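# Working through the structure, step by step
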Amino acid sequence: MKSEMENDILKVLITEEELQRRIGELGGALYERFQGKRPLFLGVLKGSFVFMADLVRACQLRSDVEFIAVSSYENATASSGRVKINHDLQQDITGRDLIIVEDILDSGNTLAFLKDYFLTKGAASITIVALLDKPSRRTKAIDADFAGFEVPNEFVVGYGLDYCQHYRNIPYIGVLKPEVYAD
Ligand code: PRP
């Protein structure tokens, strides 16, 4: 049965089954890439928490998990692409092979910033995994090494992605009805 929250969803873009099948493929590809190494899965909060949970289980490597929480500055400097760290790394990443786990790669501001940040912290290598990729919105020259799905420029929510902190717990990727975010 449809929940009350789902009345705000215009259409389902990616079903739970499609998500799990693709995440299985991504997990397999990462397993191949990192066999014999011990990578550090690094989730970018908050959006990545659902994807992270499924991805690490789809990739049965000996590995560790870590998180960082960031947000774009919500003032006049937002357009400059500056990113604020709300919760920093809790461990030394010197010499580690990082697998950055993102729910969506949009303008690229967040990942461009994080890539530089992690390199200055001494990461040995950086591999970017983004569940969703919106290349039409890119303003920074950055790409995912592994992307789950390319999505059109629509307002997507669910599976970790929010609008005003809501809808993260919807189990699929949906498009939000325009009237929900209209002024
Ligand atoms: C979203 C998403 C990425 C970022 C992508 O995070 O989780 O981190 O935006 O956009 P970009 O490529 O334009 O930088 P958001 O700032 O909405 O925070 P959240 O993860 O806490 O929802």
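Heads up: the structure comes first, above all this text.
Predicted, not measured: the structure shown is a model, and the values here were computed from it.

About the cut-offs
Residues numbered from 1 in each chain as written. Predicted model: local features only at pLDDT ≥ 70, side-chain atom pairs only at ≥ 80, totals over all residues. Heavy atoms only, no water. Helix = DSSP H or I, 4+ residues; strand = E, 2+ residues; numbered from the N terminus. Rg over C-alpha atoms; globule rule 2.2 N^0.38 Å. Areas by Shrake-Rupley, 256 points an atom, 1.4 Å probe, with all protein chains shown as cover. Lys, Arg positive; Asp, Glu negative; His and termini not counted. Charge placed at Lys NZ, Arg CZ, Asp CG, Glu CD. Axes fitted to C-alpha atoms, helices over the stretch in contact; angles between N-to-C directions. Parallel < 35°, antiparallel > 145°, perpendicular 65-115°, else oblique. Left-handed = near helix turned anticlockwise from the far one by under 90°. Contact = heavy atoms within 4.5 Å. Nonpolar A, V, L, I, M, F, W, Y, C, P; charged D, E, K, R; others polar. Pairing = 2+ DSSP bridges. Phe/Tyr/Trp six-rings, centres within 6.5 Å; stacked < 30°, edge-to-face > 60°. Buried < 20%, exposed > 50% of the residue type's maximum accessible area, 1.4 Å probe, protein only. Near = heavy atom within 4 Å. Polar contact = N/O pair within 3.5 Å; in protein donor to acceptor, adjacent residues only side chain to side chain. Core = buried A, V, L, I, M, F, W, Y, C linked by side-chain atoms within 4.5 Å.

## Remarks on the overall build of the chain
Counting secondary structure elements, the chain contains 4 helices and 9 strands. When the helices and strands of the chain are placed in sequence order, the string is β-α-β-α-β-β-β-α-β-β-β-β-α. Taking 183 residues into account, the globule formula puts the C-alpha radius of gyration at 16 Å, and the chain, at 16 Å, falls close to it. C-alpha atoms of the chain, sized along the principal axes, occupy 50 × 40 × 25 Å. Split by element, the accessible area of the chain, about 9600 Å² in all, is 48% carbon and sulfur. Distance between charge centres in the chain, computed from 21 positive and 27 negative side chains, equals 4 Å.

## Focus on the packing of helix α1 (residues 16–34) against helix α2 (residues 49–57)
Interaxial distance between α1 and α2 falls to 8 Å at its minimum, and their mutual angle equals 55 degrees. For the element pair α1 / α2, the angle class is oblique. The interaxial crossing formed by α1 with α2 has right-handed handedness. The segment α1 lies against α2, with Gln20, Ile23, Leu26, Gly27 and Leu30 engaging Phe51, Asp54 and Leu55. Partitioning the contact of α1 with α2 into residue classes produces 5 nonpolar, 2 polar and 1 charged.

## Thoughts on the sheet that holds strand β5 (residues 97–105)
What the 6 strands build is an open sheet, ordered β4-β3-β2-β5-β6-β7; its pairing is mixed. Here the strands that pair on one side only, and so sit at the sheet edges, are β4 (83–87) and β7 (146–150). Across this sheet, the average inter-strand angle for adjacent strands is 25 degrees, counted without regard to direction. Bridging between strand β2 (residues 40–45) and β5 involves 4 bridges; their strand directions are parallel. What sits directly across from Leu42, in β5, is Ile100.

## Let's talk about the packing of aromatic side chains
Throughout the structure, instances matching the rule amount to 5 aromatic pairs. With 6.0 Å between their ring centres and 10 degrees between their planes, Phe113 and Tyr117 make a pair best called stacked. Within this pair, Phe113 and its partner Tyr117 are both found in helix α3 (residues 109–120), separated by 4 residues, close to a single helical turn. On the basis of relative accessibility, which here comes to 15%, the residue Tyr117 falls in the buried class. An aromatic cluster of three or more residues is present, and its members are Phe113, Tyr117 and Phe118.

## Let's talk about the site of the ligand
Residues in contact with the ligand amount to 13 residues; listed here are only the nearest, Glu102, Asp103, Ser107, Gly108 and Thr110. Within the contact set of the ligand, an oxygen atom lies 2.5 Å away from a side-chain nitrogen or oxygen of Ser107. Contact distances for the ligand include 3.1 Å between an oxygen atom and a side-chain N or O atom of Asp162. Compared with its free state, where it exposes 500 Å², the ligand has 79% of that area covered by protein.

## Points about the nonpolar core
Ranked by size, the top nonpolar core spans 27 residues in total, and within it Leu30, Phe51, Leu55 and Leu132 carry the most contacts. For this core, the elements supplying multiple residues, two or more each, are α1, α2, β5, β6 (125–133), β7 and β9 (173–176). Beyond its immediate stretch of four places on either side in the chain, Phe51 contacts Ile23, Leu26, Val101, Glu102, Val129, Ala130, Leu131 and Tyr159.

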